[in-house]
Amino acid sequence: CFGDTVFTFVSSNGAFTLNKPGGIAVYTEKELLVVCDRGNKRVTVWDRLGTPVDSISLPQHPDCCSYAGYGILVVGTSEGEVLFVDLDCRQHVFTWTNKQLK
């Protein structure tokens, strides 16, 4: 509903400190917020209360992300690549670049 607080996001110290955060996406089935952390080459996952849940390292700097469903996050990079991340397995699955899968 418009005006309701869906997520509470607070700054963090230590391992989950964000460095140049960019795009965000919502993992709707599990009510998690995913933040592209460009400066740390990763995405971070947070619960509804703003508690860090996980961090997934990436081979490139993430600029934007979108939740595609079925636990898959699509991440665009400044290097022109598209990364696919399995949020349930907590890993980068494959990269799409120059019309090729890597």
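**A look at the environment of G50**
For G50, the location among the structural elements is in the loop between β3 (42–46) and β4 (52–57). For the pair G50 and L33, spaced 17 residues apart in the sequence, the C-alpha separation amounts to 8.6 Å.

**Some remarks on the nonpolar core**
Within the largest apolar cluster, 16 residues are counted, with the highest numbers of intra-cluster contacts made by V43, L73, V75, V85 and L87. Mapped by element, the contributors of at least two residues to this core are β1 (21–27), β2 (32–37), β3, β5 (62–69), β6 (72–77) and β7 (82–86). Examining the composition of this core, we find that three residues originate from one element, β2, more than from any other. For L73, the residues in contact, after removing those within four places along its chain, are A25, V34, V43, C65, S66, Y67, L83, F84, V85 and L87.

**Some remarks on the pattern of salt bridges**
Tallied over the entire structure, the rule returns five salt bridges. As a salt-bridge pair, D88 and K30 come within 3.0 Å of each other at their nearest N and O atoms. Placement of the pair is D88 in the loop between β7 and β8 (91–97) and K30 in the loop between β1 and β2, with a sequence separation of 58 residues. Taking the shortest distance from any N to any O, the salt bridge between R38 and D63 comes out at 3.5 Å. Of this pair, R38 sits in the loop between β2 and β3 while D63 sits in strand β5, placing them 25 residues apart in sequence. Residue D63 is classed as partly exposed on the basis of its relative accessible area of 30%.

Procedures and definitions
- Residues numbered from 1 in each chain as written.
- Predicted model: local features only at pLDDT ≥ 70, side-chain atom pairs only at ≥ 80, totals over all residues.
- Heavy atoms only, no water.
- Helix = DSSP H or I, 4+ residues; strand = E, 2+ residues; numbered from the N terminus.
- Core = buried A, V, L, I, M, F, W, Y, C linked by side-chain atoms within 4.5 Å.
- Buried < 20%, exposed > 50% of the residue type's maximum accessible area, 1.4 Å probe, protein only.
- Contact = heavy atoms within 4.5 Å.
- Salt bridge = Lys/Arg side-chain N within 4 Å of Asp/Glu carboxyl O.

Just distances and angles here, no functional claims.
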